[in-house]
Amino acid sequence: MASSGIETEQEPLLGNCTPGSREWDITETEEHCRSRWISIRILYLTMFFSSVGFSIVIMSIWPYLQKIDQTADASFLGWVIASYSLGQMVASPVFGLWSNYRPRKEPLIVSIFISVAANCLYAYVHVPASHNKYYMLVARGLVGFGAGNVAVVRSYIAGATSLQERISSMANTSACQALGFILGPVFQTCFALIGEKGVTWDAIKLQINMYTAPVLLGAFLGVLNIILIFTLLREHRVDDSGRQCKSVNFEEASTDEVQFPQGNIDQVAVVATNVLFFVVLFIFALFETIVTPLTMDMYAWTRKQAVLYGGIILAALGVEAIIVFMGIKLLSKKIGERAILLGGLIIVCVGFFILLPWGNQFPKIQWEDLHNNSIPNTTFGEIIITLWKSPREDHNEGPTGCPAEQGWCLYTPMIHLAQFLTAAMLIGVGYPSCNVMSYTLYSKILGPKPQGVYMGWLTASGSAARILGPVFISQVYTSWGPRWAFSLVCGIVVLTIMLLGVVYKRLVAFSVRHGRIQE
């Protein structure tokens, strides 16, 4: 029986073992329960460190790229930003497959070591005499490759929790990830006090400034994470009822063949859940991308104002997401995961519907040349360049408003600020609900068999969404304006809701589907 401190985090594990089975242990001791939850919490910390390592440099990439290599342009910035998601998309299935057959410590430690090495490379990209931008490209790609361990983390947590514990654990994982995304830019802001010059350690040619200090902190957190995983993480696996069992991931596993519960995974449900997860990440990625240019066009904000206020809005959404994650734990016990997923998609659809322009008030028109960094018509890098523009460059902000060369500015009504904030609040409720429910349902559909490869594909689909979402919204918004852009998004969400309706009855836990547990 677990201690009272652990009982607050998960339901008691009940159920007898299968008599005479080599696979099931008789009961879970308090010591085993403590070890299991220590290991899970170490992986919560891993998700937090990973998200901090990503977001802590995101606002400084563009000015640093300009500083180290004058040949770098906005087009190349797009490749630098996309390289993270590309690296993660490639690595996720690889680490997932690895974790299916070997102790999860191995892919976790190797992936984090790659991220640490990549952060160190990022800190030295100023050293080479030429081609510095390519070194930064490689560094960010390798950081993304290391972040492919998200698949291993989710696979471990799915395999080490019962169905009753699953939602709470997945919500905690997402909350830690969201908290990392919130605090990363805060740390970056603190490091900005060091300045561009900073200090130089001549013996090892290391410059410690506002651009390199964040990645050095990321490297330090990675080393700390490796130590914690090496010393505290243990292999644990329980079935859907919470009964302890052994798997190929155990270092001390016997040479006897491991017996897994019989039954096939519902591949239709697996594919459908991957599509649902892709759309959820796609929708939020495009919303993150459009916040800055939309507010500059609609409210004539300067670049500095848009980055500041947009950052505050996204940070507020992050806090809102953490609250939603905590609330989902209670709500899911009453109405179930599928209902929350459906409700989340409906809320997101309503949010984007509210964003549709209406009325007879039009945005301020910028008749001069495009200087305010609204979305240009060329490359992906230029689409998101405003998010990385250094405020130090804004001695002359230039004209503001919706640029006349975007023809829709002349006839499209403005999106009122209250309209925008209401939509953002709704999206901030719907997105985290859909996010957690997608991979909670996914893990339950897969059942007690090793989930590494499947979780790898889920993570890869999310990475692809984060690449394609900004490209989609930028092209549609620039060419046709917010009315077409958000109408198409609403259409995508409606189609997704219809897909969920078609597969709704198939999105059930493996053990429920095969009659081992009552839903």
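Numbering of residues begins from 1 in every chain and follows the order in which that chain's sequence is written. Local features are withheld for residues below a pLDDT of 70 in this predicted model, meaning they are given only at 70 or higher, and side-chain atom pairs are given and counted only at 80 or more; totals for whole chains, interfaces and linings count all residues. The side-chain figures draw on all heavy atoms in the structure; neither hydrogens nor water molecules are used.

For clarity, the cut-off: UniProt positions are given in the numbering used here, feature names are shortened, and annotations may be inferred rather than shown by experiment.
By the naming in an unreviewed UniProt entry, the protein is Major facilitator superfamily domain containing 8, taken from Suricata suricatta. According to its UniProt record, the protein has this under Subcellular location (unreviewed entry): "Endomembrane system".

## A look at the overall build of the protein
Under the convention used in this document: A helix here means a DSSP run of H or I that spans at least four residues, while a strand means a run of E at least two residues long, and both kinds are numbered starting from the N terminus. Per-residue accessibility, obtained with a 1.4 Å probe over protein chains only, is compared with the maximum for each type, and a residue is labelled buried under 20%, exposed over 50%, and partly exposed between these values. Throughout, a contact is declared for two residues whenever any of their heavy atoms are within 4.5 Å. Here, Shrake-Rupley sampling with a 1.4 Å probe gives the accessible areas, and only protein chains in the shown set may cover a residue.
Within the protein one finds 17 helices and 4 strands. For the protein, the proportion of its 519 residues judged to be buried stands at 57%. Of the contacts formed within the protein by residues at least 6 apart in sequence, a portion of 84% connects residues at least 24 apart. Only carbon and sulfur atoms are counted for the fraction: they give 66% of the accessible area of the protein, which is about 21600 Å².

## Quick word on empty space enclosed by the protein
Our working definition: In this analysis the probe radius is 1.4 Å and the grid spacing 1 Å, with only protein atoms considered; a cavity is a set of points the probe fits into but cannot get out of, a pocket is an open set with protein on both sides within 12 Å along at least five of seven lines, and lining residues have an atom within 4 Å of a point. Grid points are joined across faces, edges and corners, and a volume is the space filled by probe spheres set on the points. Residue type decides the class: Asp, Glu, Lys and Arg count as charged, Ala, Val, Leu, Ile, Met, Phe, Trp, Tyr, Cys and Pro as nonpolar, and the leftover types, Gly among them, as polar.
Evaluation of the coordinates by the stated rule reveals 3 cavities of 30 Å³ or more. As for the largest cavity, its lining consists of 18 residues, and the residues nearest its centre are Phe49, Ser50, Gly53, Ser115 and Gly218. For the lining of the largest cavity, the secondary-structure elements that each account for two or more residues are helix H2 (30-55), helix H5 (105-123), helix H6 (132-146) and helix H9 (213-232). Of the residues contributing to the lining of the largest cavity, the split by class is 8 nonpolar, 10 polar and no charged.

## Some words on the environment of Tyr309
For Tyr309, the location among the structural elements is in helix H11 (residues 303-335). The spatial distance from the C-alpha of Tyr309 to the C-alpha of Val291 is 9.6 Å, given a sequence separation of 18 residues.

## Focus on the state of the cysteines
Here is the rule: We call a pair of cysteine sulfur atoms a disulfide whenever their separation is within 2.5 Å.
Evaluation of the coordinates by the stated rule reveals 1 disulfide. A sulfur-sulfur distance of 1.8 Å marks the disulfide that ties Cys402 to Cys409. Around the S-S axis, the bridge from Cys402 to Cys409 shows a dihedral of about -55° and counts as left-handed. Judged by its relative accessible area of 1%, Cys409 falls in the buried class. Take Cys349: it sits in no disulfide, and the sulfur closest to it among the cysteines is that of Cys490, at 4.7 Å.

## Considerations on the pattern of salt bridges
Where side chains of opposite charge bring their charged atoms close, a pairing between them can arise. Put simply, the rule reads: In the sections that follow, a salt bridge refers to a side-chain nitrogen of Lys or Arg positioned within 4 Å of a carboxyl oxygen of Asp or Glu.
Here the structure, examined in full by the defined rule, presents 5 salt bridges. Arg36 is the salt-bridge partner of Glu165, the closest N and O atoms lying 3.1 Å from each other. Placement of Glu165 in helix H8 (residues 163-191) and of Arg36 in helix H2 is noted, with a sequence separation of 129 residues between them. Summarising the burial analysis for this pair, Glu165 and Arg36 share the class buried. One salt bridge in this structure joins Arg104 and Glu235, with 2.8 Å as the shortest N-O distance. Of this pair, Arg104 sits in the loop between helix H4 (74-101) and H5 while Glu235 sits in the loop between H9 and helix H10 (267-299), and the two are 131 residues apart along the sequence.

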